[in-house]
Amino acid sequence: MKKLSAVVLALLLSACSSQVHVTDTQQTTTTVAKELNRPMYLRGDFTLWDAESHYRLKTSQPGVYSVRAKFMTPGKVYEFKLADEAWSKGFNCGYKVQGVLQLNQPELADCDTVYNYFSFMPKHKGWYKITLDYSDSRSPKVMVTKG
């Protein structure tokens, strides 16, 4: 009987020290969008790289900012960055991998870059929307759409 009690006690103690991992496959994760804490501007060769008030990005949804620009010369390469007034580190966004933007195709942005500006060559003159998706601040994205 003493041996049986010792075995049961040993099993109980070892069960208490075991780690049990339960995975909930129905679990959903909610990500809170990262918000910019300062005004950002579309700055480029068409603004002489100045921060102009009519090119200030506006919030379109939490963590996503956009501004409209009129590109009037089809085939011209427009160069730009999205940056605050002081070109501050962390708020000076240019390309991370590729600088040439294609319509409706988001590209990764590097908001610590000094020299990497985006390029966009419209096929038609008109209004375009430039969007900065900063909802995941570790991998912000920039996209150009018509409109």
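In every chain, residue numbers begin from 1 and rise along the written sequence. Local features in a predicted model are, by the rule used here, given only for residues with pLDDT of at least 70; side-chain atom pairs are given and counted only at 80 or more, and totals for whole chains, interfaces and linings are based on all residues. Side-chain figures throughout are based on the complete set of non-hydrogen atoms in the structure, without hydrogens or water.

Visitor: It is not clear to me how the overall build of the protein should be interpreted in this structure. Could you clarify?
Guide: By the criteria applied, helices consist of DSSP H or I runs no shorter than four residues and strands consist of E runs no shorter than two, each listed in order from the N terminus. Helices and strands together make up the secondary structure of the protein, namely one helix and 10 strands. Along the chain direction, N to C, the helices and strands of the protein fall in the order α-β-β-β-β-β-β-β-β-β-β. We call two residues in contact when some of their heavy atoms are within 4.5 Å. Considering only intrachain contacts with a sequence separation of at least 6, the fraction spanning at least 24 residues in the protein is 59%. Per-residue and other accessible areas were derived by the Shrake-Rupley procedure at a 1.4 Å probe size, with only the shown protein chains allowed to occlude residues. In the structure as shown, the protein presents an accessible area of about 9800 Å², 55% of it carried by carbon and sulfur atoms.

Visitor: I tried to follow the nonpolar core on my own but got confused; where do I start?
Guide: The nonpolar core is taken to be a set of buried Ala, Val, Leu, Ile, Met, Phe, Trp, Tyr and Cys residues, with the residues joined through side-chain atoms within 4.5 Å. Burial classes follow relative accessibility: with a 1.4 Å probe on protein chains only, a residue under 20% of its type's maximum area counts as buried, one over 50% as exposed, and anything between as partly exposed. Formed by 25 residues in total, the largest nonpolar core has its most connected members in Leu42, Phe80, Leu82, Ile130, Leu132 and Val142. Residue assignment for this core shows that the elements contributing at least two residues are β3 (64–71), β4 (78–83), β8 (118–120), β9 (126–133) and β10 (141–146). In this structure, Leu42 is in contact with Thr47, Asp50, Tyr55, Leu57, Val67, Ala69, Phe80, Lys81, Leu82 and Ile130, ignoring residues within four places of it in sequence.

Visitor: Explain the layout of surface pockets here, please?
Guide: Rolled over the atoms, a probe sized like a water molecule indicates the empty space that remains. A cavity here means a set of points on a 1 Å grid, drawn over the protein atoms and nothing else, where a 1.4 Å probe fits but cannot get out; a pocket is an open set with protein on both sides within 12 Å along at least five of seven lines, and a residue lines either one if it has an atom within 4 Å of a point. Grid points are joined across faces, edges and corners, and a volume is the space filled by probe spheres set on the points. Within this model, the largest pocket holds a volume of roughly 260 Å³. Lining the largest pocket are 14 residues, and of these Gln102, Leu103, Phe120, Met121 and Lys123 sit closest to its centre. Where the lining of the largest pocket is concerned, the elements lending two or more residues are β6 (100–101) and β8. Residues that form the lining of the largest pocket fall into these classes: eight nonpolar, four polar and two charged. Residues are grouped as follows: nonpolar covers Ala, Val, Leu, Ile, Met, Phe, Trp, Tyr, Cys and Pro; charged covers Asp, Glu, Lys and Arg; every other residue, Gly included, is treated as polar.

Visitor: Quick question: what am I supposed to make of the pattern of salt bridges here?
Guide: Oppositely charged side chains are able to pair whenever their charged atoms sit close together. Salt bridge criterion: a side-chain nitrogen from Lys or Arg within 4 Å of a carboxyl oxygen from Asp or Glu. In total, this model carries three salt bridges according to the counting rule given. One salt bridge connects Arg38 with Asp84, and the closest N-O pair in it is separated by 3.1 Å. You can see Arg38 sitting in the loop between α1 (2–17) and β1 (41–44) and its partner Asp84 sitting in the loop between β4 and β5 (92–95), a full 46 residues away along the chain. Taking the relative accessible area as the measure of exposure, Asp84 reaches 4% and is therefore buried. With a closest N to O distance of 3.3 Å, Asp45 and Lys76 form a salt bridge. Of this pair, Asp45 sits in the loop between β1 and β2 (58–61) while Lys76 is found in the loop between β3 and β4, placing the two residues 31 residues apart along the sequence.

Visitor: Please clarify how the pairing of β4 should be interpreted in this entry.
Guide: A regular strand places its side chains on the two faces of the sheet in alternate fashion. Counting buried residues along β4, five of its six residues qualify, which places the element largely inside the surrounding structure. Strands pair, by our definition, only if DSSP identifies at least two bridges between them. Pairing geometry for β1 and β4, over four bridges, is antiparallel. Across the sheet, the residue bridging to Arg43 is Lys81, located in β4. Where β4 and β8 come together, three bridges link them in antiparallel fashion. Along β8, the bridge assignment pairs Tyr78 with Phe120. Relative to β5, β4 is paired through two bridges, and the arrangement is antiparallel.

Visitor: How should I be thinking about the environment of Lys76 in this particular structure?
Guide: Owing to a relative accessible area of 32%, Lys76 belongs among the partly exposed residues under this scheme. Ignoring any residue separated from it by four or fewer positions in sequence, one finds Lys76 in contact with Asp45, Phe120, Met121 and Pro122.

Visitor: Where do I start with the packing of aromatic side chains in this structure?
Guide: Between two aromatic rings, the relevant description is the distance of the centres plus the angle of the planes. Side-chain rings of Phe, Tyr and Trp, where Trp is taken by its six-membered ring, are said to pair if the distance between their centres is within 6.5 Å; with planes under 30 degrees apart they count as stacked, over 60 as edge-to-face, and otherwise as tilted. Following the criterion strictly, the structure yields 10 aromatic pairs and no others. Ring centres 6.1 Å apart and planes at 65° place the aromatic pair Phe46 and Tyr78 in the edge-to-face group. One end of the pair, Phe46, is in the loop between β1 and β2; the other, Tyr78, is in strand β4, and 32 residues separate them in sequence. A centroid spacing of 5.9 Å and a plane angle of 35° characterise the contact between Phe80 and Phe118, whose relative ring orientation is tilted. Taken together, the positions of Phe80 in strand β4 and Phe118 in strand β8 put the pair 38 residues apart, joining distant regions of the chain. Site record: aromatic cluster; members linked through ring pairs are Phe46, Tyr55, Phe71, Tyr78, Phe120 and Tyr128.

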